[in-house]
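So you can see what is in the structure, the chains are spelled out below.
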Amino acid sequence: MMTDFANEDARAPTPSTGGGVIGLIVRLHHGVFSAVERATAGWFTGFAARFAFASVLLLYYLNSGWQKLGDGIFGFLSPSLGAYASILPPIMDQYGGDISAIPFFPWHLIVLLGTWTEILLPIMIVIGLFSRIAALGMIFFVIVQSYVDIAFHGLEGRFVGSMFDRLPDAIVFDQRLMWVFILALIVVRGPGKLSLDHLLARRFR
């Protein structure tokens, strides 16, 4: 019986440890980046996307939203003339620039929501609070913003750009496509463990 087992061991294929230099490089590559994946799992992607958003877009949107607020403590309920001119230029033209003549529904409501969106959603994304919903809302906002810029604010030609061209600096199909990509990462992968969403999930699971 011992001889049979010894013969079977001799016939059994041995695992390949060869491959030479290429095999060594493949194993080293796999080992290093598997370690990187393990070290960053669950926190890095969401945090990096939110950090990039904060670095590039947070102050841009906060400043834009703040300028749309009306005067006084209740200015958030009565957007400025500039808010209407920025968000609804054709409606402003239709009513001769008279805000008081513009119907509340849907036009005033649209301007209110647009103004609040520019302030609230970026903050929610950066702190990681209901960040997937906030990022989804910002994707929709960026698409609408781009449409308004093209249709009503005269953005055209190389400033709009196109996908798969040789120029990387167009406002819509280069810059804002990158914005949407960052936001889509948050929608799909979440904000990561370094977020209020993660704390709330642990508290109420």
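Predicted model, so just to flag it, every value in this text is computed and none were measured.

Peer 1: What am I meant to see in the overall build of the protein chain here?
Peer 2: Counting its regular elements, the protein chain contains 9 helices and 0 strands. The linear arrangement of helices and strands in the protein chain, starting from the amino end, is α-α-α-α-α-α-α-α-α. In summary, the protein chain has a C-alpha radius of gyration of 27 Å against a globular reference of 17 Å for 205 residues, an excess of more than 25%. Viewed in the frame of its principal axes, the protein chain has a C-alpha envelope of about 100 × 50 × 25 Å. Within the span of the protein chain, comprising 205 residues, buried residues form 31% of the whole. Across the protein chain, every contact between residues at least 6 apart in sequence was considered, and the portion connecting residues at least 24 apart equals 62%.

Peer 1: Whenever I open this one, the packing of helix 7 (residues 131–151) against helix 8 (residues 171–189) confuses me. Can you help?
Peer 2: Working note: a packed helix pair is described by the angle between its axes plus the distance between those axes. Relative orientation of the contacting elements helix 7 and helix 8 amounts to 165°, with a least axis distance of 7 Å. By the angle between their axes, helix 7 is roughly antiparallel relative to helix 8. In this structure, helix 7 meets helix 8 at a crossing whose hand is left-handed. Along the contact surface, helix 7 presents Ser131, Arg132, Ala135, Leu136, Met138, Ile139, Val142, Gln145, Ser146, Asp149 and Ile150, while helix 8 presents Val172, Arg176, Trp179, Val180, Leu183, Ala184, Ile186, Val187, Val188 and Arg189. Class assignment for the residues of the contact of helix 7 with helix 8 results in 14 nonpolar, 3 polar and 4 charged.

Peer 1: Please explain the layout of surface pockets as it appears in this structure.
Peer 2: Picture a little ball the size of a water molecule; that probe, rolled over the atoms, points out where space is still empty. Here the largest pocket is characterised by a volume of approximately 540 Å³. Lining the largest pocket are 23 residues, and of these Ile87, Gly114, Phe141, Val144 and Gln145 sit closest to its centre. Put simply, the parts of the chain that give the lining of the largest pocket at least two residues each are helix 3 (44–67), helix 4 (81–87), helix 5 (89–94), helix 6 (104–127) and helix 7. Sorting elements by how many residues they give to the lining of the largest pocket places helix 7 first, with 7 residues.

Peer 1: Could you clarify how one ought to interpret the nonpolar core in this entry?
Peer 2: Side chains that are nonpolar tend, in soluble globular proteins, to be buried together. Among the nonpolar cores identified, the biggest contains 16 residues, and Phe53, Tyr61, Ile125, Met138 and Leu183 are the most heavily contacted of them. Not counting the four nearest positions on each side in its chain, phenylalanine 53 is found in contact with Leu58, Pro122, Ile125, Val126, Ile182 and Leu183.

Peer 1: Help me understand the side chain of serine 131 in this model?
Peer 2: Summarising the element assignment, serine 131 is placed in helix 7. Look at serine 131 and you get buried, because its relative accessible area is 0%. Within the structure, serine 131 has its side chain in polar contact with the side chain of aspartate 197 (distance 2.7 Å). Discounting chain neighbours no more than four positions away, the residues touching serine 131 are Met124, Ile125, Ile186, Pro191 and Asp197.

Peer 1: What is the right way to read unusual backbone geometry from this model?
Peer 2: Trans is the common state for peptide bonds, and a negative phi is the common state for residues other than glycine. In this structure, proline 106 follows phenylalanine 105 across a cis peptide bond, with omega equal to 5°. Mapped onto the elements of the fold, proline 106 is located in helix 6.

What counts and how
Each chain carries its own residue numbering, running from 1 in the written order of its sequence. The predicted origin of the model limits local features to residues at a pLDDT of at least 70 and limits the giving and counting of side-chain atom pairs to 80 or more, whereas totals for whole chains, interfaces and linings rest on all residues. The basis for every side-chain value is the complete set of heavy atoms in the structure, and neither hydrogens nor water enter the calculation. Each helix corresponds to a stretch of at least 4 residues labelled H or I by DSSP, and each strand to a stretch of at least 2 residues labelled E; elements are numbered beginning at the N terminus. The atom set for the radius of gyration is the C-alpha atoms, and the globule formula is 2.2 Å times the number of residues raised to the power 0.38. Partly exposed describes any residue whose relative accessible area lies between the buried limit of under 20% and the exposed limit of over 50%, with all areas from a 1.4 Å probe on protein chains only and scaled to the type maximum. Any pair of residues with heavy atoms lying within 4.5 Å of one another is described as a contacting pair. As a rule, the C-alpha atoms of each element are fitted with a line to give its axis, helices using only the stretch in contact, and angles between N-to-C directions run from 0 to 180 degrees. Small angles under 35 degrees read as roughly parallel and large ones over 145 as roughly antiparallel, with 65 to 115 read as roughly perpendicular and the rest as oblique. Working rule for handedness: look at the near helix, and if it is turned counterclockwise from the far one by less than a right angle, call the crossing left-handed; if clockwise, right-handed. Polar here means any residue outside two lists: the nonpolar Ala, Val, Leu, Ile, Met, Phe, Trp, Tyr, Cys and Pro, and the charged Asp, Glu, Lys and Arg; Gly therefore counts as polar. Buriedness of a pocket was judged along seven lines, with at least five required to meet protein on both sides within 12 Å; pockets are open sets of points on a 1 Å grid over the protein atoms alone, cavities are sets where a 1.4 Å probe fits but cannot get out, and lining residues have an atom within 4 Å of a point. Grid points are joined across faces, edges and corners, and a volume is the space filled by probe spheres set on the points. Only buried residues count toward a nonpolar core, which is a set of Ala, Val, Leu, Ile, Met, Phe, Trp, Tyr and Cys residues joined through side-chain atoms within 4.5 Å. Here a polar contact is recorded for every N or O atom pair within 3.5 Å, except that within protein the pair must consist of a potential hydrogen donor and a potential acceptor, and residues adjacent in sequence are included only if both atoms are side-chain atoms.

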